[in-house]
Amino acid sequence: MRQKREWMRESCMLVLGFAVAVGGSSACGGFRSCQDNLTCTPSESELDRQEQSEASALAEAAANPSGGGAAGAPSGLGIPEDEEQESLGATDSTTERELPADYCVVGDPRCSGVVPIYLSPEGQAGASGSEVDPVGSLERALELAAQTSGVIFACDGDYDVELGSLNIPPGTIIRGGYSCGQWQASLGRTRFLAETSRGHAIRDAKDIVLSALEFVAPTAQEPGQSSIGLRVVNSQNLRLDHVAIEAGRGADGAEVSGYIRRAESGTPGEHGTVACGRNLGASGVVTICEGQQLGPVSARGGHGGSEFFPSGEAGADAAETASSRGRGGRGVDAAKMTTCSNGGRGVDGDDGVSGEGASDWGSLTADGEYAVAPGTPGFEGEIGHSGGGGGGGPYYQASVCSRADGTLSSSGGSGGAGGCPGKGGQAGKSGGASLGLVLLNSSASLTNLQVRVAQGGAGTPGVAGQSGGYGGTGGMNASFGVEPYHRACAGGPGGEGGHGGTGGPGAGGPSVALVAQGSSVVQEAVLSRLP
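Below is a short write-up of the structure. Owing to the predicted nature of the structure, the values given are computational and were not obtained by experimental measurement.

1. Concerning the overall build of the chain
Now for step 1: In terms of regular secondary structure, the chain is built from 4 helices and 25 strands.
Now for step 2: For the chain, with 531 residues in total, the buried portion stands at 53%.

Now the structure itself:
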């Protein structure tokens, strides 16, 4: 028993970054009358007797926070993976259940003056709400109770209802644990079953007592969705007495898709040409990515020779840093009759940095629901560096030219532009949480509260970034003769764009029994994990 008590205390400490204020008072022992004990408070002697041991256990739990739970990065908190995760319905119902100290039944003199509305799964829509004619819906029971004592007795069975859809007037008391028909203490269970994993919610309520009831939320179905047993939002003086809460498993995060195609290739360099007179080298080009100009203009090709400048000009270097640019090729040396060389290849762009995994445990929305913590996407790669220009060819005396110098010349091709950068990969999606009781901007007293939470959903990994685009091809050479030194040379190809970084992984959903934010919690008795 001690192990179970400590486990639940650990789950109730500082979790998800939300401040939890837990006081160490005792259970209410004895009663003066049924009506009094619907809102009873602990005696001074009981507080003195348990205060020291309760405070000691809380300090011990705070120093040893719980772990385990959901798969993913990072993992959730709560029940370790080897713990049994059976549903409330699978618990042995023949075990005698402890009932509240102020529990009263039909015929009990302690209940004198209390005129409850009776609720049964077999009740009828038009019933009066008496013990022989119970109503069949909680909504109708609340309407009738608001006109009488504000007290509802619910007999055992399953009720398909979500509290969040109902108006609960101030001062309402709902008690379960009664046998249907006889309205005596029962070994059965009074369960309110939520239709969706959002679970039950109590909003803007005051002075509400819920006793001997079970609130169940199903396992989440949609990717990243959470299962929350009971949310209490902007409500004051709520009392949960011998209440059991169960949350289903959080759903795994959604799968994310990667890129099918590479980024766009760089623009090809312009080709060299043959022309009369001194032929200017091919012009440089720029990288165009998704219609936008990126990066510098690539290197131009070398000029062709002329009568007065017989040798071809060297191709230009790419206008980038010396370590990354494509170098220009040498031009033809007319005197030595040496050949030219092609421009150098541009250096590939750097790859983008990978994204990071989710760095926190998420947050609560204004309605007390869990907002998952996202990972970060990968960063975009770097544009590829452009290639160098090809060397120019020599001049050649030619009768075909009508110019005064009568020469032909060939120019070098320009360098290709660098490839477009790859985009960063999508971040993985975080898993949903499994949360038992959430208190948001509320005050509550908890007496013998039992909570079961399941695993949080697994986070999914981020995907690889987009591959960078290929570099543009260098412009082709031009030639006016059959000899090798009669031709100019081609520009160098651009470098590939850098690949995008991989997206960071999503977080595993947390698994927590009690989460409180902006709330005060009085723990009147030990919180325990359901067997």
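2. A short note on the environment of Asn234
Now for step 1: Within the fold, Asn234 resides in the loop between strand 10 (227-233) and strand 11 (238-241).
Now for step 2: As a C-alpha pair, Asn234 and Ser443 span 209 residues in sequence and 8.5 Å in three-dimensional space.
Now for step 3: If sequence neighbours within four positions are ignored, Asn234 has contacts with Asp204, Ala205, Leu440, Asn441 and Ser442.

3. A word on the pairing of strand 21 (residues 443-447)
Now for step 1: Across the 5 residues that make up strand 21, a large majority, 5, are buried.
Now for step 2: Of the two faces of strand 21, both are covered, the one formed by Ser443, Ser445 and Thr447 as well as the one formed by Ala444 and Leu446.
Now for step 3: For strand 11 and strand 21, the ladder comprises 4 bridges, and the chain directions are parallel. Residue Leu238 lies in a different strand from strand 21, and its bridge partner there is Ala444.

4. Topic: the state of the cysteines
Now for step 1: What the rule picks out here adds up to 3 disulfides.
Now for step 2: Disulfide partner of Cys289: Cys420, at an S-S distance of 2.0 Å. With the S-S bond torsion at -105 degrees, the cross-link from Cys289 to Cys420 turns out left-handed. On the criterion of sequence distance, the pair formed by Cys289 in strand 14 (residues 287-289) and Cys420 in the loop between strand 19 (407-410) and strand 20 (434-440) is long-range, its members being 131 residues apart.
Now for step 3: By relative accessible area, Cys289 is classed as buried at 10%.
Now for step 4: Given the relative accessible area of 2%, Cys420 is considered buried.
Now for step 5: The side chain of Cys340 participates in a disulfide bridge whose partner is Cys489; the two sulfur atoms lie 1.9 Å from each other. On the sign convention where negative means left-handed, the S-S torsion of about 90 degrees between Cys340 and Cys489 marks this disulfide as right-handed.

5. Points about the sheet that holds strand 18 (residues 395-397)
Now for step 1: Reading across the sheet, the 3 strands line up as 13-19-18 and stay open at both edges, with antiparallel pairing between neighbours. Two strands lie at the open edges of the sheet, namely strand 13 (274-276) and strand 18, each paired on one side alone. Neighbour-to-neighbour, the strand axes of the sheet open up by a mean angle of 30 degrees, direction not taken into account.

6. Thoughts on the environment of Leu240
Now for step 1: Note on placement: Leu240 falls in strand 11.
Now for step 2: When its relative accessible area of 0% is taken as the criterion, Leu240 is described as buried.
Now for step 3: Sequence separation between Leu240 and Ile208 is 32 residues, and the spatial gap between their C-alpha atoms is 8.5 Å.
Now for step 4: When neighbours within four sequence positions are excluded, Leu240 is seen to be in contact with Leu210, Leu230, Leu437, Ser445, Leu446, Thr447 and Leu449.

What counts and what doesn't
- Residues numbered from 1 in each chain as written.
- Predicted model: local features only at pLDDT ≥ 70, side-chain atom pairs only at ≥ 80, totals over all residues.
- Heavy atoms only, no water.
- Helix = DSSP H or I, 4+ residues; strand = E, 2+ residues; numbered from the N terminus.
- Buried < 20%, exposed > 50% of the residue type's maximum accessible area, 1.4 Å probe, protein only.
- Contact = heavy atoms within 4.5 Å.
- Pairing = 2+ DSSP bridges.
- Disulfide = S-S within 2.5 Å.
- Axes fitted to C-alpha atoms, helices over the stretch in contact; angles between N-to-C directions.

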